[in-house]
Structures are given as C-alpha cells and as structure tokens.
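Tertiary structure, described
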Amino acid sequence: MYRIYIVIGLVILSSCGANKKKDSEITFSEAEIANENAGAEEYDFDDGSYEETVETERAVYQAAETIYTDLIHTKLEVSFDWSKSWMFGKATISAKPHFYASDSLFLDAKGMEIKKISIGAQVLTFRYADDKLRIKLDKIYTRNDKYNIVIEYIAKPDERKTSGSEAITSDKGLYFINPKGEDPNKMPQIWTQGETKSSSVWFPTIDAPNVKTTEEIYITVENKFATLSNGKLISSTKNTDGTRTDYWKQDLPHAPYLFMMGIGEFKVVNDFYTRPNGTRMEVNYYVEPAWEQSAKAIFGETPKMIAFFSKLTGVEYPWDKYSQIVVREYVSGAMENTGAVVFGDYTYKNTRELLDADDNSTIAHELFHHWFGDLVTAESWSNLTLNESFANYSQYLWDEFRYGIDEADYNAEKEADGYFQSAENGATHDLVWFEYENQEQMFDAHSYNKGGRILHMLRNHLGDEAFFAGLKNYLNTNKFKAAEFTQLRLAFEEVSGQDLNWFFNQWYLDQGHPVINLSQSLDEEAHIVEIEVSQENQSGSLFRLPIEIAIHDDAGVTLHQIVLDDNGQSFSFPVTGAIKTIIFDNQHMLLAKVTDYKPMEQFVNQFYLGKRYADRRDALLFGIAEEEPMTAEAEKMVLDALKDPFWAIRNIAIDRANSLSEESKMQAIEIIKNSSLTDQKSAVRAAAITFLQDKIAAEELEKLALSIIVKDQSYAVLSAALVALSSSNPELAMVEAKKLETENSSKMLSGIAQLYATQGTETEMAFFEKVINENKLNGLDALFAMNSMTIYLTRQSTELQAKALGLYKKELANGGVYITMFLPQNVDYMIKMISDQADITKAEITAYETNKNPLYADQSRKKLKQQQEMIAALSVFYAEINVEKQE
Ligand SMILES: [Zn+2]
C-alpha cells in the first residue's frame, strides 16, 4: 500500500496563522501498550505475604495467525444491487485441515447476510457472530482430505456497524461510489480494498496475510461496465437478461488481502511487456473516458519498470498480467492487489501537469510489491516491513536507474526525514513490531521509510552483487509463501557467508537510530588527523556501523573503512599536505543524525570534491556562516551551484542567493532571471520567479511574469508567476488568473485558488463554487484549494461566509483521503475566524448603541445573529466529521 503523506497540508494552513495542535499525521502516535495486568498480585517468598508488583512482561504479543485450515482455491460468483449497495455472492472454497484433523471450518466474514452453506447436497449448520463464521463440517477431515464448501451470501458493506454503531468508512472492503448516479460529475463505480483485513467484507475467507489461495471470479454486470480482477480474463459471456459475466482466473496462489475487483465504465488502454523469451504480457490502464488520451503519459513507464525489476531481482515478473486502475474516493494512496493495482484519482494528470510531478515512484512501489508482498508475503502485520521496506526502496532503485543517483539520493533524504520526523514525535518502536495495538499502526514511517533506508545500508554493507543475489535467494526460497524477517536474514547470510545477526538485531529488533557527533584535530607536525566520533541513541543501545571516510588532501583522496561501535571513539589517519575536506560516511547511506564539526572551508571544498548530492547540499547549507559575510569561495560556490547539473541543488542555491553580497547577488539575479525562463526543471523555474519578486524592478518583474504566463507550459510555474505578478500588480494578476480559469487542470485551478485566497473579492466566489460543485480538483490540489477557499472566505462578507458549510459538505461528498483528513482543520479554522469576527460585531453593536445609532445597531445585531448561527451549524458539522476512528 502507498501511504499518503499529509504533512504538506498542515504547513499550508499553519502558515496562514491557523496552527492547530491536532496532530493530523497518519502516524499512529506512540503505542501505548496497555498493561492491564500492571499491579497484579504476586506471592512473595520472603515473608509469605502478597504484595503489589509492577508487571514487567510484554502485555501484547501480536502473533501470526494460527493456521488450522489450508485454503486451496477460492471461486467467487458475484452480482450487484447498485441501488442498495449490495453484492450477491456465492463462494466455493476448497480447503483441508492444515495438520490436525478437524470437523470445523472458521472463516472471517464481516457484516454479511449468510444464506446457505453446503457441502455437495448436504446443508451444513453454522454459527455467525462477531464477524466470524463457524461452520460444522459433515465429518472429521484429515489433512489428506480436501473438501469443497459452498457459501451463499449477501455482502452489505454500507450497513455494517461497529460495536459503537459508527458506520465504518475506511475499512469497508467493498465500495460503491455514486452507485445511483446522483452526482453527474462522478462516474459510478465499485472497487475493493482488502488490506489489512477487509477482504472478508466481500467474501468469506481466512483474512490473514499468511494464507494463500488460488482464485477465480465470475463477475456479472450490466453490459456497459468494464470489470477488473486478479489474474487473466478467461471469458466474457453475454447473458439473456442483457447482463454480461466476466470470468477472471488467477492460477498462482496469493493472500486474500490482495484479492481485487473493480467495475465501472472505464476505458481500458492497452500496453504490453515483452518477456525475455519474447512473449508479450498484457499491461493495461483502466481510466475514466476523459483520461483515455492521458493514460499512457501517466502509466507508460510501467513496461520498462517490469523489465527493470525482473532483471534486478533475477526473478521474472511472476504473474499473468499487470493492470492499473484509477478510482474515485479511494481510501489510501495505492494498493498492490496482485496484477490489479488501484490508484487514487490524484493520478489523473494531463501532459502539462505531468511536467511538474508524475507518479512513477508510486507506480514503482506497487509494482515491486509484486515480488515483495505478493509473491513473498509478510507472515504477519508485525513483519509488514518485509512488504513495505522493499516497495519503498524500489523508488530509490527506479530513480537511480531512470534519473541518476542524485535524484535517488534526494528522494531517499526525504524518506529519511519522514522517519526522523515521526521519531521526534516519540513514535519509535522496533521495526519488526510485535506490540502494536491495531495493525493499521504498522503502516507508518518505520515499516516504509526506515525499512527502505535500512535496506540501502545493507546494500552498501554487502555490495551490490551480494545484496541482489540475496534478494533473489529470498524470493526463490519463499515464493508463494509467507515469510518473517528471519528468512530475509538467512537469505543474505547464505549468499554472503556473513553472520548478520548484529545487523538485524539492531535494525529490525530494536528501535531508534544513531545520533553522531564528529570533530577533527590536525597534528601538523606528525601529518596526522584525529577524528573523534561520539554516538548516542535514544533507546540506549549502541549501533555497530561500518562506514567509509574519505580524506581529501594535497595528494588526492584516500578512502578508509572504519567501524563505529562505541560511545566515544577516535581514529587517526595520515595526511599529505593540507586537508581539503574530510567526508564522513562517504556514500551518505547511514540512517543517522550526524553533526559534523568541521571548518566551513572544508564544506565549500566538499562541494567540488564530493561525489554525492548530500555533499553539495551540505556544502550550501553549512559552508556559509549564519550572520557573517560570505567568503569569496562560498560566494563562488553559490554562483556555481545555480548552474549545478542537479535541479535540487540549483533550488537550494536560489535560496542561498539571498545571503550573497550585493555584487554577487547582481550576478546571481542575472543567472536566476535566465533560470526562470529556461531551466529544464519546472520546480527551478517556479523557485526562480518567486525569488525575483522582491529583487528586480516592478516593471521588469511584470514583463518577466507575463512572458512566463504566455509561454511556460508548467502550471507550477504559471502559479508562481501569478503570485509574483500579484506582488507588484495585483489587478493585472487577477486579470491573468481569470484567463486561466478555463484550463482543464486540477493543478492550475488550485494555483488560481491560491491567488484568490488573498486577492479575491466577492466576484471570485463563483470560481470556488464552480470548481467544488463540479468536482474539478483531485488529490493534493483539492486539499490546497480547500485551504485557499477557507482563507478566502474568512476575508469575505457574512453573506458569502454563509455558503461555507454547503461547500465543505460538497467537498466531503467529492471525497479524497486528503479532504477527509484536513476538512476538520479547515472547519475549525473557519469557526475560530467567524468567532473573532462576531466579537468585532459585538463591539460594533455596543459602539452604535453608545452613539445612539439604532439603525446601524440593528443591522449589526442581525449580522451577529447570522454569525452565531453559522458558528453553531459549523460546530455541529465539525463534531460529525471529527469523530476519532474507532476500531
Ligand atoms: Zn506499499
């Protein structure tokens, strides 16, 4: 599954003064391990009395599911009542006792109506309670006896209640979107989301990741609908009643949480992957008709990725086909259902939008799961990192292959930051975590980000050849089975011949990360540099860290391999002539917080001598003194960095240009002016025009911004140019924004909304109403536009503000995981702002009364009443949407 990052959204509103204390990160704050036995009584041998002791045992141990029964095959026959959001199902399950003979079968089945259960002609008795189906078989079966059981049922996902009677929205398993077609702007559709334990909402199964079964499904729908499921489409049969039955079959076993079904008037765009033996495998993209032309631009790298990952792992893509589908109101980022991957509608981007950001990282992530997750599956949610760390790391592997090491390193840093951020919030736990309370907690920055970075360290430690051979060994040894992290260790040990317990113990079975401080002192007479290294870790245990140090001096560069394994260590190295720079962790692979106390000129030298992105980034960040004038060398570095081959370095340099001396800044401005028009990367062009807005004359800025608006294809750059233009000529910016309102781009509309947030008058209300009512925005754009609308409305009249509630409700109906997540924050902000305004109105009333101006006082009273009504209505709505998820 692809986790949604929401930190970005928070920044938007907090930068506008609405700093909320509510932590909306999906982190699943620190696990509070409830220890209900704490204080249990224990016998004291000394004096024969009972006394209170504190329980020190682990209170929770999340074991893998005990396997009583092996599922062998699952055959499903399904049809639908769209008006009721029901699915009629018949499941034929082939199974046998796993080891011990048994006369029972226990299945998970959530919120279903069970009609009948039978074996052959014999109807079986069963008990159905608490989402568990306990079936009494017709006799005792041994592990050598296979049986076929038939269950007729109705799945009713929308009618399922939790114990708290709160309708479950995020683990519904089976989703009917706009099933009655009431919303003309949203294509009716059905889709499923199995992970973690929700497949049992739409078919009875053993809903655990250490279960595998082959599968076939007959889906009967109106003829106008396309269907998608796992495996291959074997046949499509028209029925006499005008419906059609599609028959999908997956011959290779996979876990029930990977079962998938998607239905709607999708267009299927065909592509293919050529296997090494020359056969063509079907690759296709299911999109809404409006996106048919864009599908290849969005997903077109997929065949190349399949080839790349097949080669890299040494295991040919193991499944029958590869389909990707984009659905509405999706509840996560994307999901790796075997051969039938689901994406949220943020994936819909036209060619111009793709210039700013594509979704290839997510595409790679889901694809790599087809080896790590689908072929070899984490045996329990505690071991989730066996799925997610690899999917996460695949993004590095793809970036490295496709765009080069700088892009890979840049994104890896962001992944590491995501982990550090959650660690700072105190949410650390073992990577393989047996003490979670709810399995959803496992989908966090540990399983993903930290896990991915740990694989990167292991790759550096073992070397590429051993690392990838280890992966191949792990896949081949455990394919079509479930695995735990021990199996991963054994696979690497077998290949490399190394004992790797030390590595796995500290990174997989322990928590935290090293915090390292470095300092150096040079003995000029002895020509020796001494490097002092101290290591701390919040969890207390020390890490063993083999790393490489590069010493650049007058003789060139010398590489030294050292091992850090103590609190304080010092290492001495010979130096020839002067030290130019010393680079600790030369490959920048450590997942650690490192503070390097070295002279600034060494940072500047490292800009030119270092090989990696982090060398140049750190040089720009630390080679410049905070409040002192820059050295000539540092100024040259910033000017050179403006022309760096890697875009992210150019972006940092634009930011650093603010600190240049006046003379150098003039040079920088000329370079940046050029960048705003010609840089290859839209993010740099956008940063350039933003930088220039308070650096050049208003007339020149207007001219530049207008020429960008006319010529540039990137919506990110257009949005930045609009904002820059508004800084000198707001009226003109509004005129240009109006012209761009017709662009069919979620990105552009979101950019316009950003301008209107601060510049818009009552006229612009129509824009917000249109884009929201017509559901023109998706993904993060929808979130940004919602934030912009909130800010916009707080600046408008009470009459316009009265429309807020209706628009928020419409946003909620439009759906999207970001909206669901941040709507409460927006509503809360709106309530606070209107409350502040109501206070002002109250003061107005008092003033008018004092001045004996009853007419105005009356008007203000009316306004106050309106404001209070709005606050009341918004507060009710807030309470509805801010319900904590209960599970
Ligand atoms: Zn994933």
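If you're wondering where the values come from, they're calculated on a predicted model, not measured in any experiment.

About the thresholds
- Residues numbered from 1 in each chain as written.
- Predicted model: local features only at pLDDT ≥ 70, side-chain atom pairs only at ≥ 80, totals over all residues.
- Heavy atoms only, no water.
- Helix = DSSP H or I, 4+ residues; strand = E, 2+ residues; numbered from the N terminus.
- Contact = heavy atoms within 4.5 Å.
- Areas by Shrake-Rupley, 256 points an atom, 1.4 Å probe, with all protein chains shown as cover.
- Lys, Arg positive; Asp, Glu negative; His and termini not counted.
- Charge placed at Lys NZ, Arg CZ, Asp CG, Glu CD.
- Donors = N, O, S within 2.8 Å, 3.2 Å for Na, K, Ca; no water.
- Buried < 20%, exposed > 50% of the residue type's maximum accessible area, 1.4 Å probe, protein only.
- Salt bridge = Lys/Arg side-chain N within 4 Å of Asp/Glu carboxyl O.
- Pairing = 2+ DSSP bridges.
- Axes fitted to C-alpha atoms, helices over the stretch in contact; angles between N-to-C directions.
- Expected span 1.5 Å × (residues − 1).
- Polar contact = N/O pair within 3.5 Å; in protein donor to acceptor, adjacent residues only side chain to side chain.
- Nonpolar A, V, L, I, M, F, W, Y, C, P; charged D, E, K, R; others polar.
- Phe/Tyr/Trp six-rings, centres within 6.5 Å; stacked < 30°, edge-to-face > 60°.
- Arc of directions from axis to C-beta.

**Side note on the overall build of the protein chain**
Counting its regular elements, the protein chain contains 27 helices and 31 strands. When contacts within the protein chain are restricted to residue pairs at least 6 apart in sequence, those whose partners lie at least 24 apart make up 68%. By element, 50% of the accessible surface of the protein chain is carried by carbon and sulfur atoms, the whole surface being about 37700 Å². Of the charged side chains in the protein chain, 87 are positive and 134 negative, and the gap between their average positions amounts to 9 Å.

**Some thoughts on the coordination of the zinc ion**
Within the protein, the atoms that donate to the zinc ion are Met1 (N), Met1 (O), His365 (NE2), His369 (NE2) and Glu388 (OE), at distances of 2.0 to 2.5 Å. The class of methionine 1 is buried, set by a relative accessible area of 8%. Overall, the relative accessible area of 0% leaves histidine 369 in the buried class.

**Observations concerning the pattern of salt bridges**
For the structure shown, the criterion picks out 51 salt bridges. As a salt-bridge pair, lysine 84 and aspartate 81 come within 3.7 Å of each other at their nearest N and O atoms. Using a relative accessible area of 43% as the deciding quantity, one classes lysine 84 as partly exposed. The partner of lysine 770 in a salt bridge is glutamate 774, with the nearest N and O atoms 3.3 Å apart. Classification of lysine 770 by relative accessible area gives partly exposed; the value is 44%. Taking relative accessible area as the criterion, glutamate 774 reaches 32% and is therefore assigned partly exposed. In the salt-bridge network here, residues are joined through shared partners; they are Glu113, Lys115 and Lys156.

**Focus on the environment of tyrosine 419**
Mapping tyrosine 419 onto the fold places it in helix H7 (residues 405-424). You can call tyrosine 419 buried: its relative accessible area is 0%. The spatial distance from the C-alpha of tyrosine 419 to the C-alpha of histidine 446 is 6.4 Å, given a sequence separation of 27 residues. Apart from residues no more than four positions distant in its own chain, tyrosine 419 is found in contact with Thr428, Ala445, His446, Asn449, Lys450, Gly512, His513 and Leu591.

**Concerning the sheet that holds strand S11 (residues 174-177)**
On the basis of which strands lie adjacent, the open sheet formed by 4 strands has the order S11-S12-S17-S14 and antiparallel pairing. Each edge of the open sheet carries a strand with a single partner, namely S11 and strand S14 (226-229). The sheet shows a mean angle of 10° between the axes of neighbouring strands, direction not considered. Bridge count between strand S12 (residues 189-192) and strand S17 (residues 261-264): 3 bridges; the pairing is antiparallel.

**A few points about helix H19 (residues 715-728)**
Here H19 spans 20 Å end to end across 14 residues, near enough to the 20 Å set by a 1.5 Å rise per residue. Listing the buried residues of H19 in full gives Tyr715, Val717, Leu718, Ser719, Ala720, Ala721, Leu722, Ala724, Leu725 and Ser726. Residues of H19 that are buried in the fold lie against helix H4 (351-354), helix H17 (682-692), helix H18 (698-711), helix H20 (730-740) and helix H21 (746-759). Near the N-terminus of H19, the side chain that reaches the backbone nitrogen of alanine 716, with its oxygen 3.2 Å away, is that of serine 714.

**Side note on unusual backbone geometry**
With an omega dihedral of 10°, the bond running from glutamate 195 to threonine 196 counts as a cis peptide bond. In this fold, threonine 196 is placed in the loop between S12 and strand S13 (213-222). In this structure, asparagine 775 takes a positive phi of about 55° despite not being glycine. With respect to the helices and strands, asparagine 775 occurs in the loop between helix H22 (765-773) and helix H23 (779-794).

**Quick look at the side chain of aspartate 271**
Relative to the assigned elements, aspartate 271 resides in strand S18 (residues 267-274). One buried charged residue, aspartate 271, forms no salt bridge at all, with the nearest opposite charge on lysine 296 at 4.5 Å. In terms of polar contacts, aspartate 271 uses its side chain to reach the side chain of tyrosine 285, at 2.6 Å. Those residues in contact with aspartate 271, other than ones at most four positions away along the chain, are Met281, Glu282, Val283, Asn284, Tyr285, Lys296, Gly300 and Pro303.

**Examining the sheet that holds S13**
Backbone hydrogen bonds are what pair the strands of a sheet, in a parallel or an antiparallel way. Within the open sheet, the 8 strands sit side by side as S7-S6-S10-S4-S3-S13-S16-S15. Their pairing is mixed. Because the sheet does not close on itself, it has two edges, and the strands there are strand S7 (122-123) and strand S15 (232-238).

**What about the packing of H7 against helix H13 (residues 613-622)?**
Two elements in contact, H7 and H13, have axes whose closest approach is 9 Å; the angle formed by their N-to-C orientations is 60°. Between H7 and H13, the residues in contact are Asp406, Asp409, Tyr410 and Glu413 and Tyr613, Ala614, Arg616 and Arg617, respectively. When its residues are assigned to classes, the contact of H7 with H13 shows 3 nonpolar, no polar and 5 charged.

**Here's the deal with the pairing of strand S10 (residues 147-155)**
It is a general feature of regular strands that their side chains alternate between the two faces of the sheet. Of all 9 residues that make up S10, 7 are buried, and the element is covered over most of its length. Bridge count for strand S4 (residues 86-97) against S10 is 9 bridges, and the pairing is antiparallel. In the strand pairing of S10, glycine 89 is matched with tyrosine 153. Of the strand pairs in this sheet, strand S6 (residues 112-119) and S10 are connected by 6 bridges, and their pairing is antiparallel. Looking at S10, one finds that methionine 112 is bridged to alanine 155.

**Describing the side chain of asparagine 775**
We classify asparagine 775 as buried; its relative accessible area is 13%. Setting aside residues no more than four positions away along its own chain, asparagine 775 makes contact with Asn185, Lys186 and Asn814.

**Brief notes about the packing of aromatic side chains**
Enumeration over the complete set of coordinates arrives at 54 aromatic pairs. On the basis of an interplanar angle of 90° and a centroid distance of 6.3 Å, the ring pair of tyrosine 393 and phenylalanine 467 is categorised as edge-to-face. Placement of the pair is tyrosine 393 in helix H6 (residues 385-402) and phenylalanine 467 in helix H9 (residues 464-478), with a sequence separation of 74 residues. Judged by its relative accessible area of 3%, tyrosine 393 is buried. Ring centres 4.8 Å apart and planes at 35° place the aromatic pair phenylalanine 768 and tyrosine 792 in the tilted group. Here tyrosine 792 lies in helix H23 and phenylalanine 768 lies in helix H22, a separation of 24 residues in the sequence.

**Quick notes on the pairing of strand S22 (residues 340-343)**
Across the two faces of S22 the burial is the same, with Ala340 and Val342 and Val341 and Phe343 all buried. Bridging between strand S20 (residues 322-326) and S22 involves 4 bridges; their strand directions are parallel. In the sheet register, serine 323 faces S22, and the bridge partner there is alanine 340. Where strand S21 (residues 334-335) lies against S22, 2 bridges are found, and the strand directions are antiparallel. Within the sheet, the bridge partner assigned to alanine 334 lies in S22 and is phenylalanine 343. Connecting the antiparallel pair S21 and S22 is a turn made up of 4 residues, with glycine 339 showing a positive phi of about 70°.

**As for H18**
Taking 1.5 Å as the rise per residue, H18 with 14 residues should run 20 Å; its terminal C-alpha atoms sit 20 Å apart, in good agreement. Here H18 has its buried residues at Leu701, Leu704, Ala705, Ile708 and Ile709. Viewed end-on, H18 has its buried residues packed into an arc of 135°, placing them on one side of the element. Of the residues in H18, the exposed ones pointing more than 90 degrees away from the buried face are Glu699, Lys703, Val710 and Lys711. Buried positions along H18 lie against helix H16 (662-678), H17, H19 and H20.

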